[in-house]
Amino acid sequence: MKIPFNLNGDDIVIDSEPDEKLINILRDSGNFSVKCGCNTGHCGSCTILVDDKPVPSCLLTAAAVRDCVVVTLEAFRKNIFWKDIETGFRQCGVHLCGYCDAGKIFAAYDLIKTEQRPAKENVIEIMNQFPCKCCEIEALANGVLAAATVHKKRMTGKQNGKQ
Amino acid sequence: MATRKKAPAAKINKSSAFYSDIRPASQSAELMYACLIRSPFESGVLQSVLMDELPPDYRIITAKDIPGENKITTLDTSCALLAYNKISYRGQPVGILVGPDRTKTESLVQKITVTALPSQSPDTIEKKTQRTITYGDFDATYSECPHHIENTYHVTHTEKYFSEPNGAYADCSKADEVLVCTPTKWINHLRKNLVQVLSCKDEQISIQKTISSNKNTGTIWNNTVLACQAAVASRIVEKPVLLMLSREEQEQYIDSGDALTVSHKTGFEDDGEITSASVTVMFNAGCYAPFLTEIIDRLAVTAMGAYKPLNLRIEVFALASNTPPAASLSNGIENLVCFALESQLDAISRETGLNPAEVKLRNYFPRATHTRYNYPLSFNTELLLPALDEVQKISDFQRRHVSYSFHQLEKHTSRWSLPVRGIGLSSGYQGSGFLASSLDQLQQTMSVTIDTEGQVTISHHMPSSSISDIWTEQAAALLDCEKSNIHIDDSYNGSDEQLLPDIMTGDISILMTLLKKCCTSIQRSRFRQPLPITAKKKLSKPKHLSWDNETFTGTPFYSISWGAAVVELSLDPLLYAVHVKNVWYTIHSGKILNRKTAEDSIKKSTERILAYLVKDTQLSADNIIIEFDESEEEPREIGDIVQNLLPAAFAAAVTQAVGKHVTRLPLDADSIYRMVQSE
């Protein structure tokens, strides 16, 4: 079955079984930021952005992303938004293990994008859903809050610049 | 059939990649995927491993195909790489299926038929090895004690990991080259076994250590088995091979956890002092356990902790059974006996009506200490005293404990619909550098080189990022140079290769001492000797260490950190859900080299341990408060102290909240419900 979608900015058409898991397709095409953690959508290691929403790719079939925009961490790391998250995480000494990065980074992205000033309790609650305990939860929450501040400053600066 | 563009070649960087992300460097080389064919029988004599219509390009590899010996040797234990004749447990690898498509290989492996004859004498559970420690006469004195408590504790330590499942990427396609990329934690062990199974020369082997975030100590030797299987497959098909366990295999055979049963028989006085204690530990070693002697010895040493009953009998048994090999190394399992011991002390405090801290102190410092002449295990418990005092102060333990006890009484007289609270205290230690081990941790060496450009290289295995920061910081301070000039190099050659598993090196206690020695030596000769200067140091056995392996007496660790923990929680009586409100720690571990790193390490361990204490629940603490009782003594390890303290304090708090003694971990909503409902 031919399935067209946009992967990291490129319009592609894959020839795949409709029920084949997206995670396998992405990894086979060299997107190794998509990790296979639990295969049940629980751990977040295989998270990708589908139409700008974080989704576990181990629960998606290839057919589910027909005509969608799919972004993996490889492409997201070229985005200016990533710089804000990276700066926030660095300020708070957040070191992720490398395996759970996609889930935590995309969750942070979604939080910052939807809430200008996310509440710390809310951030902790969301980050606590990830079972990988590679970094201390409070430091991670502080990292997300710092990233939100950096992002806001950048956005405000841009607006001021335009004015 | 899916057709996709080929994955681009990834550069192989030491310790910077996951092995499952590595692909052949040459675009023309085809990557093959390997899956293990496992025995469906728990015992028997293997007859055949067959598949009716195996597609072309797919191949089944069995023990007969192994170019070298079908044997993995770990210390004095050896096991088959692939079962050849005898089947020892259900799930034992009997072959490897290799093919070019991962999904197809995974599905074909389910269709392979394994046949076996039933073994003539079916294996049963048998007692295998044991260690006994005695002092005084338990049998004669137990019945004379005014109070007795007997409890049997069942503990299964199963931590779930969601990191990369274990496995390896191997490229042995060229006759004289062996490349293995894997998250090994024991590089020397892997190298020796690769030589054995491939029948190749040591210098032909190149091992790339990849990232690992799985803390399970079972991966130490399991990884060698998997890497050797991948290498054999690659040698036979003459193509690069990726062998990666499925999540189910990882959970079933590697992270399955260890089960222990600990029986305590304790006789004690009115004031809570234990006069007679017997501890029997039963450990399921599976069909074999490579570190069995060490596990048994360490469990024996930890079974009574630093308490000093006048009459003592400790017996530890390993049970051989047709189950997968025991997964853990000793320091991953001793927390289970710590939980049983501290829970028993908690039971004594409830029986006597004394405060838990008072009962602990009474037994750390018994009245007639002088009568404990030649006591088998000696610990300097004085160092625990300030930690135990401080944790009570910062947690307001005495008041809360009494207050929640009243709450317990009210529970029985009124309708119980509000959350009840409980608070629990535990104390203990983390020992590092186990002196009764067959792997001598004090034989380690470290070398530090300063070159003509002022660049400093520490040659040792790469520790965790936090430890690496501490080493860099310390070396920079001692050598009076910039942190950016310090590098850790873990590329070994020949004789420099570390003999111990990474996890056993004692990164803070033993290696920090070596690092200091090396740096001090360089500083001394720096202005007398031209650069480059290399200082290579080995630890000499400190005079204060009094361990005698023959008699199994003395202080069994190179260094010990002491600590105490208090857990406060509430229990929802409608949902039977536990909510951990506060966890307090006080830890005495000598000089703290980096407070933030130390605190983060304790907090991370707390979150990890809490996650396994209640099944199917992601438990976390609202607040974690840590106090270090810092001193100028040499720094000591604290990474594992949480796992020795937290389960017992948690169980004591649950016990107070529900009014029933917790003897089984992990808990679940059902077990809490049963405890609440039972009279």
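As a reminder, the structure under discussion sits directly above these lines.
These remarks concern the structure in this document. (Residues numbered from 1 in each chain as written. Chains lettered and ligands numbered in written order. Predicted model: local features only at pLDDT ≥ 70, side-chain atom pairs only at ≥ 80, totals over all residues. Heavy atoms only, no water.)

Describing the overall build of chain B
Consideration 1: Along its length, chain B carries 15 helices and 26 strands.
Consideration 2: Looking at the 679 residues of chain B, the share that counts as buried comes to 59%.
Consideration 3: Here the analysis covers contacts within chain B between residues at least 6 apart in sequence; of these, 81% occur between residues at least 24 apart.
Consideration 4: Roughly 27,700 Å² of accessible area belongs to chain B as shown, and the carbon and sulfur atoms make up 48% of that amount.
Consideration 5: For chain B, the distance from the average site of its 67 positive side-chain charges to the average site of its 80 negative ones is 3 Å. (Helix = DSSP H or I, 4+ residues; strand = E, 2+ residues; numbered from the N terminus. Buried < 20%, exposed > 50% of the residue type's maximum accessible area, 1.4 Å probe, protein only. Contact = heavy atoms within 4.5 Å. Areas by Shrake-Rupley, 256 points an atom, 1.4 Å probe, with all protein chains shown as cover. Lys, Arg positive; Asp, Glu negative; His and termini not counted. Charge placed at Lys NZ, Arg CZ, Asp CG, Glu CD.)

Quick word on the packing of helix α3 (residues 187–198) of chain B against helix α4 (residues 219–237) of chain B
All names here are of chain B.
Consideration 1: Relative orientation of the contacting elements α3 and α4 amounts to 35°, with a least axis distance of 9 Å. Note on packing geometry: the crossing formed by α3 with α4 is right-handed. Judged by residue contacts, His-189, Leu-190, Asn-193, Leu-194, Val-197 and Leu-198 of α3 engage Trp-221, Thr-224, Ala-227, Cys-228, Ala-231, Val-232 and Arg-235 from α4.
Consideration 2: Its residues assigned to classes, the contact of α3 with α4 shows 9 nonpolar, 3 polar and 1 charged. (Axes fitted to C-alpha atoms, helices over the stretch in contact; angles between N-to-C directions. Left-handed = near helix turned anticlockwise from the far one by under 90°. Nonpolar A, V, L, I, M, F, W, Y, C, P; charged D, E, K, R; others polar.)

A few points about the interface of chain A and chain B
Consideration 1: Listed as interface residues are 28 residues of chain A and, on the opposing side, 30 residues of chain B.
Consideration 2: Here chain A packs against chain B, burying approximately 2,700 Å² in sum over the two surfaces, 50% of which is carbon and sulfur.
Consideration 3: Run the count over chain A and chain B and you get 3 salt bridges.
Consideration 4: Here Lys-35 of chain A ties to Asp-21 of chain B by a salt bridge, and the two come within 2.2 Å at their closest N and O atoms.
Consideration 5: Between the two partners, chain A and chain B, sit 9 residue pairs in polar contact (both at pLDDT 80 or more).
Consideration 6: Taken together, the residues of the side of chain A that touches chain B break down into 11 nonpolar, 9 polar and 8 charged. (Buried area = accessible area lost by both parts, 1.4 Å probe. Salt bridge = Lys/Arg side-chain N within 4 Å of Asp/Glu carboxyl O. Polar contact = N/O pair within 3.5 Å; in protein donor to acceptor, adjacent residues only side chain to side chain.)

As for the sheet that holds strand β6 (residues 86–87) of chain B
All names here are of chain B.
Consideration 1: Pairing within the open sheet is antiparallel, and its 3 strands lie in the order β6-β2-β8. Pairing within the sheet leaves two strands with one partner each, and these edge strands are β6 and β8 (113–117).
Consideration 2: Bridging between strand β2 (residues 44–50) and β8 involves 5 bridges; their strand directions are antiparallel. Within the sheet, the bridge partner assigned to Leu-50 lies in β8 and is Thr-113. (Pairing = 2+ DSSP bridges.)

What about the packing of aromatic side chains?
Consideration 1: Evaluated as defined, the whole model comprises 17 aromatic pairs over all chains.
Consideration 2: Seen in terms of ring centroids, Phe-76 of chain A and Phe-106 of chain A are 5.2 Å apart; in terms of plane orientation they differ by 70°. Their pairing is edge-to-face. Pair noted here: Phe-76 of chain A is in helix α2 (residues 73–76) and Phe-106 of chain A is in helix α4 (residues 101–114), with a separation of 30 residues, a long-range link. Each of the two residues, Phe-76 of chain A as well as Phe-106 of chain A, counts as buried.
Consideration 3: Summarising the aromatic geometry, the rings of Phe-434 of chain B and Phe-557 of chain B are spaced 5.4 Å apart at their centres and angled 40° between planes, so their arrangement reads as tilted. On the criterion of sequence distance, the pair formed by Phe-434 of chain B in strand β18 (residues 420–434) and Phe-557 of chain B in strand β23 (residues 557–572) is long-range, its members being 123 residues apart. Each member of the pair Phe-434 of chain B and Phe-557 of chain B is classed as buried.
Consideration 4: Each residue in the set Phe-379, Tyr-429, Phe-434, Phe-557 and Trp-562 of chain B is aromatic and connected to the rest through ring pairs, giving one cluster.
Consideration 5: One cation-aromatic arrangement involves Arg-131 of chain B over Phe-552 of chain B; the distance from NZ or CZ to the ring centre is 3.8 Å.
Consideration 6: Against the face of Phe-434 of chain B rests Arg-298 of chain B, its NZ or CZ located 5.4 Å from the ring centre. (Phe/Tyr/Trp six-rings, centres within 6.5 Å; stacked < 30°, edge-to-face > 60°. Lys NZ or Arg CZ within 6 Å of the ring centre and 35° of its normal.)

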